[in-house]
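Inside the fold
For reference, the chains in residue letters:
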Amino acid sequence: MKKRYLMTPGPTPIPAEVALQMAEPIIHHRTPQFQKIFKEVLENLRRLFQTKNDILLFASSGTGAMEAVVANLLSPGDKVIVVKGGKFGERWAEICLTYGLKVIAIDVQWGKAVEPVRIEEALDKTIKAVFTTLCETSTGTLNDIQSIGEIVKKSEAVLVVDAISGLAADELQTDSWNVDVVVGGSQKGLMLPPGLSFVSVSERAWNLVENKSPSYYFNFKKYKAALPKPDTPFTPAISLIIGLRESLRLIEEEGLRNVFLRHQQLAAATRAGVQEIGLELFSQRPSNALTAVKAPAGINSSKLVSVMRDKFKVWIADGQGELKGKIFRIAHLGYMERFDVIIALSGLEMALQEMGYKLELGKAVGRAEGVLGG
Ligand SMILES: *Cc1c(COP(=O)(O)O)cnc(C)c1O
């Protein structure tokens, strides 16, 4: 039996409506039929990003768009601030170093959000850009982008936010929070398979996009030139964009506020449930997208994840990097409802019991039901 429950922070489950749209026979992209679809997608994406800025779409995973931002906005030798504090903050630093930038790293203890004042202290006239993350998926931590935006807007630097996992789960008001560049990806809150990435680019950020580090496929100017039609310079991931039209329609139908509220409730129930059975949260400022939990003494989280997957068919994620074996991560991201949380917690209880952790079955579930019933 193939039935399984996917609760990893990307990829995430796909609604049947979206999967069916993607199964339609392929169409050609240089046609009025595709342009109509693409136009609707771009409009709805702008509403999701809460921006009037241009949004560029690439056929790549999220990291491709992260690299594209660095390549298009900056030149070797440019000075940038990078907020670390997790695997994805570190990825920004690695990409920046790959492109020869001078990286001023703000090291944040994993599990904590960056204190915005630390960015203020590091900023000076020579800094071209500040790179950070909305939801740091490796630790389940939400950064305070609104406060960071207040600080960065007073400087010469542009603010670049990796919102790949946070988008559609945690509030992000691109324009009113002064975020110049937002990066998104398809396989998280957008309820699609992997393969599409997005970048919103403000006027201020476009000023940096002159002939910077060479890029061909990921050249922002080519994508901008094709936008009025709207078109893409190269063959777009047509089926994924058709799926995206449907997932954005689902988000519109529910209403973005309600989508955030739903994620907030699922996150609150998950946190309450795991704490009820004596487990400790890993993040000190948890995101609505996922819950990171410390493995209890004597339990290796890599083993826990495989017991849940192989015995109970509930797929969650282990820690990454230095947290492998030490924490586990349960996503409540995208196409998720109340009973998905119940399944995750129930699978967790059964797997923990199987591994010898002392607990009363049903306690986490019961506590979550209390939160979800409201
Ligand atoms: C998933 C994710 C990425 C991108 O990963 P890809 O595997 O390249 O799609 C980047 N940043 C964050 C915060 C993520 O959660």
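Computed from a prediction, not measured in an experiment: that's the story for all the values here.

As a matter of local geometry, the ligand sits amid 14 residues, with Ser 61, Thr 63, Thr 137, Asp 162 and Lys 188 nearest to it. Ser 61 places a polar side-chain atom, nitrogen or oxygen, 2.5 Å from an oxygen atom of the ligand. Gly 62 has a polar backbone atom sitting 2.9 Å from an oxygen atom of the ligand. Surface burial for the ligand is 88%, taken as the share of its 390 Å² of free accessible area covered by protein chains. Every element with two or more residues in the shell around the ligand is listed here: α3 (62-73) and α4 (87-98).

What follows concerns the state of the cysteines. A complete count under the given rule lists zero disulfides for this structure. You can see Cys 96 has no disulfide; the closest cysteine sulfur is in Cys 135, sitting 20 Å from it. With a relative accessible area of 0%, Cys 96 lands in the buried category. A residue is classified by how much of its surface remains accessible, and Cys 135, at 2% relative accessible area, is buried.

All chains considered together, the criterion is met by 12 aromatic pairs. Taking the centre distance of 6.5 Å and the plane angle of 80° together, the rings of Phe 49 and Phe 198 count as edge-to-face. With Phe 49 in helix α2 (residues 32-49) and Phe 198 in strand β10 (residues 197-201), this pair connects stretches of sequence that are 149 residues apart. Of the two residues examined, Phe 49 and Phe 198, each falls in the buried class. Relative to Phe 234, the ring of Tyr 217 has its centre 5.1 Å away and its plane inclined at 25°; by these criteria the two rings are stacked. Residue Tyr 217 is located in the loop between α7 (203-206) and α8 (220-226), and its partner Phe 234 is located in the loop between α8 and α9 (238-254); the two are separated by 17 residues in the primary sequence. Accessibility expressed as a relative area gives 29% for Tyr 217, which makes it partly exposed. A relative accessible area of 23% means that Phe 234 is categorised as partly exposed. Stacked on the ring of Tyr 216, the Lys or Arg Lys 222 has its end atom at 3.2 Å from the ring centre.

Let us now look at the domain arrangement of the protein. The domain architecture assigned to the protein consists of domain 1 (5-10 + 255-372) and domain 2 (16-253). Spacing between the C-alpha centres of domain 1 and domain 2 amounts to 27 Å. Contacts between the two partners involve 26 residues from domain 1 and, on the opposite side, 32 residues from domain 2. A combined buried area of about 2400 Å² lies between domain 1 and domain 2, and 58% of that area is made up of carbon and sulfur atoms. Of all residues in domain 1, Phe 260, Arg 285 and Gln 320 bury the most surface against domain 2, accounting for 24% of the area lost on that side.

In terms of nonpolar packing, the biggest core is built from 88 residues, with Leu 45, Leu 73, Ile 119, Phe 131, Phe 220 and Leu 244 touching the most fellow members. The two domains that each donate at least three residues to this core are domain 1 (5-10 + 255-372) and domain 2 (16-253). Those residues in contact with Leu 45 that sit more than four places away from it in its chain are Ile 55, Leu 57, Phe 198, Leu 244 and Leu 248. Counting residues in each nonpolar core, the second largest holds 31 residues, with Ile 277, Leu 281, Phe 328 and Leu 345 among its members.

Let us look at helix α12 (residues 338-354). The terminal C-alpha atoms of α12, which comprises 17 residues, lie 25 Å apart, in line with the 24 Å expected from a rise of 1.5 Å per residue. Burial in α12 covers these residues: Val 341, Ile 342, Ala 344, Leu 345, Gly 347, Leu 348, Glu 349, Ala 351 and Leu 352. Those residues of α12 hidden inside the fold are in contact with α10 (256-276), α11 (301-312), β13 (314-315), β15 (327-331) and α13 (363-372). Looking one or two places after α12, you find Gly 356, whose phi comes out positive at around 95°.

Another aspect to go through is the pairing of strand β5 (residues 127-133). The buried fraction of β5 is high, at six of seven residues. Taken together, the four bridges between strand β3 (residues 79-83) and β5 define a ladder with parallel strand orientation. By the bridge assignment for β5, Lys 79 is matched with Ile 127. For β5 and strand β8 (residues 158-162), the ladder comprises five bridges, and the chain directions are parallel. In the strand pairing of β8, Thr 132 is matched with Val 161.

What counts and what doesn't
Residues numbered from 1 in each chain as written. Predicted model: local features only at pLDDT ≥ 70, side-chain atom pairs only at ≥ 80, totals over all residues. Heavy atoms only, no water. Near = heavy atom within 4 Å. Polar contact = N/O pair within 3.5 Å; in protein donor to acceptor, adjacent residues only side chain to side chain. Areas by Shrake-Rupley, 256 points an atom, 1.4 Å probe, with all protein chains shown as cover. Helix = DSSP H or I, 4+ residues; strand = E, 2+ residues; numbered from the N terminus. Disulfide = S-S within 2.5 Å. Buried < 20%, exposed > 50% of the residue type's maximum accessible area, 1.4 Å probe, protein only. Phe/Tyr/Trp six-rings, centres within 6.5 Å; stacked < 30°, edge-to-face > 60°. Lys NZ or Arg CZ within 6 Å of the ring centre and 35° of its normal. Domains from an automatic or database assignment. Contact = heavy atoms within 4.5 Å. Buried area = accessible area lost by both parts, 1.4 Å probe. Core = buried A, V, L, I, M, F, W, Y, C linked by side-chain atoms within 4.5 Å. Expected span 1.5 Å × (residues − 1). Pairing = 2+ DSSP bridges.

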